[in-house]
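Okay, here's what each chain looks like letter by letter:
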Amino acid sequence: MRDPRQKRRFLALHLPYWATDYLKRAEPTLRDNPLALYERIKGGLRLAALDPEGLQNGLRLGQNLADARAIWPVLTVREIDRPMLEAAFEDFADWHSNASPLVSVMSDVSRFGDLVLDITGVAHLFGGERKMLRELIIRLRKLNYRVAGAIAPTIGAAWAVSHFAKSQVVEDDTFAALLDTLPVAALRLEEAQLFTLAQMGLKTVGQLRVFPRKPLQARFDAKLLIRIDQAFGAIEERMTPRLPLVEYLAEQRFADPISLMDDVLRTTHDLAVKLSKTLEAEGLGGQAFHLFLYRVDHKVMTLSLNAGRVTRDPEHIASLFHHRSQRLEAEYDPGFGIDMVRLAASSVDRLDAVQSGAFSVEDGIEDIDRLNDRLSSRLGPLAVLRTEMVASRLPERAAQLVPVQQGRVSNPIVPPPLQRPVKLLPVPEAVAIMAEVPHGLPASMVWRRENYRLVRGQGPERLSAEWWRKEQRLKLVEPDPKKPAPYTPNLPQFNPDAGMRDYYVVEDQHGSRFWVFRQGLYGSGRPVWYLHGFFP
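Below, the structure is looked at part by part.

Rules behind the numbers
Residues numbered from 1 in each chain as written. Predicted model: local features only at pLDDT ≥ 70, side-chain atom pairs only at ≥ 80, totals over all residues. Heavy atoms only, no water. Helix = DSSP H or I, 4+ residues; strand = E, 2+ residues; numbered from the N terminus. Buried < 20%, exposed > 50% of the residue type's maximum accessible area, 1.4 Å probe, protein only. Contact = heavy atoms within 4.5 Å. Areas by Shrake-Rupley, 256 points an atom, 1.4 Å probe, with all protein chains shown as cover. Pairing = 2+ DSSP bridges. Right-handed = clockwise from strand over helix to strand, strands pointing away. Axes fitted to C-alpha atoms, helices over the stretch in contact; angles between N-to-C directions.

What about the overall build of the protein chain?
For step 1, the next point in the chain: When helices and strands are tallied, the protein chain shows 14 helices and 21 strands.
For step 2, the next point in the chain: A total of 536 residues make up the protein chain; the buried ones form 45% of that total.
For step 3, the next point in the chain: Pairs at least 24 residues apart make up 62% of the contacts formed inside the protein chain by residues separated by at least 6 positions.
For step 4, the next point in the chain: Split by element, the accessible area of the protein chain, about 29,200 Å² in all, is 52% carbon and sulfur.

Thoughts on the sheet that holds strand 8 (residues 168–169)
For step 1, the next point in the chain: As summarised here, the arrangement of the 5 strands in space is 5-6-1-7-8, forming an open sheet in which the pairing is mixed. A strand with exactly one partner marks an edge of an open sheet, and here the two such strands are strand 5 (102–105) and strand 8.
For step 2, the next point in the chain: Both strand 7 (residues 148–152) and strand 8 contribute to a ladder of 2 bridges, which runs parallel. Bridging from a neighbouring strand, Ile-151 pairs with Val-169 of strand 8.

Structural notes on the pairing of strand 7
For step 1, the next point in the chain: Burial analysis of strand 7 places 5 of its 5 residues in the buried class, which makes it a mostly covered element.
For step 2, the next point in the chain: Because side chains alternate across strand 7, one face comprises the buried residues Ala-148, Ala-150 and Ala-152, and the other comprises Gly-149 and Ile-151, equally buried.
For step 3, the next point in the chain: The pairing of strand 1 (residues 10–14) with strand 7 spans 5 bridges and is classified as antiparallel. Bridge pairing links Leu-13 to Gly-149 in strand 7.
For step 4, the next point in the chain: Handedness of the crossover is the feature at issue here: the chain leaves strand 7, passes through helix 6 (residues 155–164), returns alongside strand 8, and the resulting connection is left-handed.

As for the side chain of His-298
For step 1, the next point in the chain: Looking at the secondary structure, you find His-298 in the loop between strand 10 (284–295) and strand 11 (300–311).
For step 2, the next point in the chain: For His-298, a relative accessible area of 10% gives the class buried.
For step 3, the next point in the chain: The contacts of His-298, once residues within four sequence positions are left out, are Arg-25, Asp-91, Phe-92, Trp-95 and Leu-143.

Observations regarding the sheet that holds strand 3 (residues 44–50)
Strand-to-strand pairing in sheets goes through backbone hydrogen bonds, with the strands running parallel or antiparallel.
For step 1, the next point in the chain: Strand order across the open sheet formed by 3 strands is 3-2-4, with mixed pairing between neighbours. The open sheet is flanked by strand 3 and strand 4 (76–79), the only strands paired with a single partner. Between one strand axis and the next, the sheet turns by 40° as a mean value, whatever way the strands run.
For step 2, the next point in the chain: As defined by bridge partners, strand 2 (residues 35–41) adjoins strand 3 across 6 bridges and the pair is classed as antiparallel. Looking across to strand 3, one finds that Ala-36 is bridged to Leu-50.
For step 3, the next point in the chain: Lying on the sheet, helix 1 (residues 18–26) is in contact with strand 2 and strand 3; it crosses strand 2 at an angle near 120°.

Considering the environment of Ser-347
For step 1, the next point in the chain: With respect to the element layout, Ser-347 can be found in the loop between strand 12 (338–346) and strand 13 (349–350).
For step 2, the next point in the chain: Linking Ser-347 and Ala-288, residues 59 residues apart in sequence, is a C-alpha distance of 5.8 Å.
For step 3, the next point in the chain: Those residues in contact with Ser-347 that lie beyond four places of it in its chain are Glu-247, Gly-285, Gly-286, Gln-287 and Ala-288.

Shown next, in the form of structure tokens:
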């Protein structure tokens, strides 16, 4: 786990020709001729991406397509597919998590072409920052990507150096002097801001930094000053990692790629043992686990799951991924092979050692939690539900279903010791009931066109309406805001003006027991009877 007191270090990779380089890798037939991508802008066809050869031969971005073809007839052109390129670059960025768990696409300038890695505390795995930067650049160039990179103490500084200087590692005590020599475009400013700064004669970051701040803020708002402060570290710039933020991990690299699911699961078991030892050494356990499969075609498959309680049991962790793999077997695609597998844990918490000898107490709760975890991994986290009590007088509101892995509330609601049916209808159904006297016990009932002669009864139990729940809809399942619910019953809205209910427990001549209630009182209109539940 990284020490939060460490000074942050960031590695930025700039791929200025990502669009054309990627298409040439995907379609080798495009490598023979120069390539340009165009898009429709303001009713015309304009160049949106170019090869270096195109720039060297007088072409420029934004140029009319017809003019570009006239200048260079051998130019191969394609219409740009931005959603496809953006999705491919996101997969490309995820693949770089094999170098650092924290990887983000710098989409504030472009949705593809720039990514940043937080390498704080991981550069030593490559033999130092310089070797790490060199290794990442070399492996991309071997894949025919044109790339530049830089390491600096801030995201803004790393981006600026990768764009406007040679690839290098910038130390904490020298990055400010280097930034001052770069053009103002190195601060990731908007085109309108760059145009205005050029009119003001401010060409370099150093000139802009010594300029009085109040006139700059009055003319450019606070955005320009924020960019300056972020680049020089006065304001922290946060990155948004693409993959789940992990705190502890174990990984296995392969000289020869693997592809079979059985090999992946065996590796997962071995990594679970390693991860368990790491967590045990610090007295911790995890509740969320993530499996990353790094393919040789520079894509990453991610599989995440949760446990009902904090755990570090390797057998249990491995079994959860085994059950989940059976559910996702049809979607498993190893591509040309997997050259690295990583197992990570997040949502860690303190987990003390547990007595498992002769004096241990086994109440079965842990076994139930493990069963719930296995069922949730096989069927899905929203397919296994449990009942949770809700503070409400109305029986249909007094309980709801929540996912078993959502976690139990710290102060659960204890229901009062009242007689309640085992089976409760989510929506009470209207019935016809006859009584010997208006306020007497029910004597007969007609439900779903079938007559019931009631021989015994007990009640009433009076429940008043909850007037403060006006226009709220009855809910049976509490949905997860991040995931769609497997089903959501379309229950009616609560009517706070429906009046009080008088509940009765009645029994027919065959011994079946029902829970019925009368809505409304005699003398204030004809009351309506409902069937609400069944007793065993």
